[in-house]
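Observations on the three-dimensional arrangement
Here is how the chains run, residue by residue.
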Amino acid sequence: MSATRPAPDLPDPLPPLIDAHTHLDACGGTDAESVAAIVDRAASVGVGRVVTVADDLDAARAAVAAAHWDGRVYAAAAIHPTRADTLDVATKQEIERLASDERTVAVGETGLDWYWPGKLEGCAERDAQIEGFRWHIDLAKRLGKPLMIHNREADDDVLRVLREEGAPETVIFHCFSSGPDTARACLDAGYVLSFAGTVSFRNAKALREAAPLVPSDRFLLETDAPFLTPHPFRGAPNEPYCLPYTARAFAELRGEDPHEVARCATANAERVYRLAAGGARPE
Ligand SMILES: [Zn+2]
């Protein structure tokens, strides 16, 4: 789907929110000014802080840079499973250095993607993905930082590899898109589930059944911008300011007050990412 539709309108503000997973570089945030503009727009509707996430080495450098430019931005660094075959010694060393940065709050996104191999030219094969995932699990444990999981059509294998390696203290399933059974398995294992615009998609039936099962201290909310723009704006460009649309859709599925959902999600993000409570560090 190409982003040819106009950008979504600003939603009604819903403070306090933290976008627990976005890609500022892919949203056009490539220097201090453009990053600040994206976060200013988000802050105007109550999304005061964002975690910007890497999927390759350049993106990891960009994420850490953005987190140093703007006190409202935190970074996550890793190599995406579809690019796991780029994890040579030099790349591992640099990812480790970037993940160790004081502004980096998670190792991610890593995990397994069984959708793209064979469809996407140059996509890492399953063996390379599993090896890369194991390396990132070990890195998260060594650094004592949360592990942020990308899981596409690989529920059982992601859970198995985590069991085999021994999971880090905090594991976040980014853009949780599975059904009630996988949600229960993740919750039993102590993991945190992060919900994106997909919860607002009317055809995401199993996911929408899973959303109400998650205890109030175990969910995060994210945009995964510029991807996965929430309903009714599918096909339009996504940005962190769109998070209130997803928060309201998630609250509706749970039969809860959106403001209460926002407060819980923010308290959870502060806890799992170990952010100072209540706001960004003044610059
Ligand atoms: Zn992402």
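Now for a description of the structure that goes with this document. (Residues numbered from 1 in each chain as written. Predicted model: local features only at pLDDT ≥ 70, side-chain atom pairs only at ≥ 80, totals over all residues. Heavy atoms only, no water.)

Here we come to the nonpolar core. Ranked by internal contacts, the top residues of the largest apolar core, which has 76 residues, are Phe 133, Leu 162, Phe 173, Phe 176, Leu 193, Phe 195 and Leu 221. Examining the composition of this core, we find that seven residues originate from one element, helix H2 (residues 57-69), more than from any other. Counting residues in each nonpolar core, the second largest holds 16 residues, with Ile 18, Ala 20, Ala 106 and Val 192 among its members. (Core = buried A, V, L, I, M, F, W, Y, C linked by side-chain atoms within 4.5 Å. Buried < 20%, exposed > 50% of the residue type's maximum accessible area, 1.4 Å probe, protein only. Helix = DSSP H or I, 4+ residues; strand = E, 2+ residues; numbered from the N terminus.)

A few words on the environment of Arg 49. Its place among the elements puts Arg 49 in strand S2 (residues 47-53). In sequence terms Arg 49 and Arg 72 are 23 residues apart; their C-alpha atoms lie 4.7 Å from each other.

Below, the discussion takes up the pairing of strand S3 (residues 73-77). Here S3 lies mainly inside the structure; five of its five residues are buried. Burial along S3 is two-sided: Val 73, Ala 75 and Ala 77 and Tyr 74 and Ala 76, pointing in opposite directions, are all buried. For S2 and S3, the ladder comprises four bridges, and the chain directions are parallel. By the bridge assignment for S3, Val 50 is matched with Val 73. Read from S2 through H2 to S3, the crossover connection turns out right-handed. Here S3 runs beside strand S4 (residues 104-113); their pairing, made up of three bridges, is parallel. Residue pairing for S4: Ala 75 is matched across the bridge by Thr 104. (Pairing = 2+ DSSP bridges. Right-handed = clockwise from strand over helix to strand, strands pointing away.)

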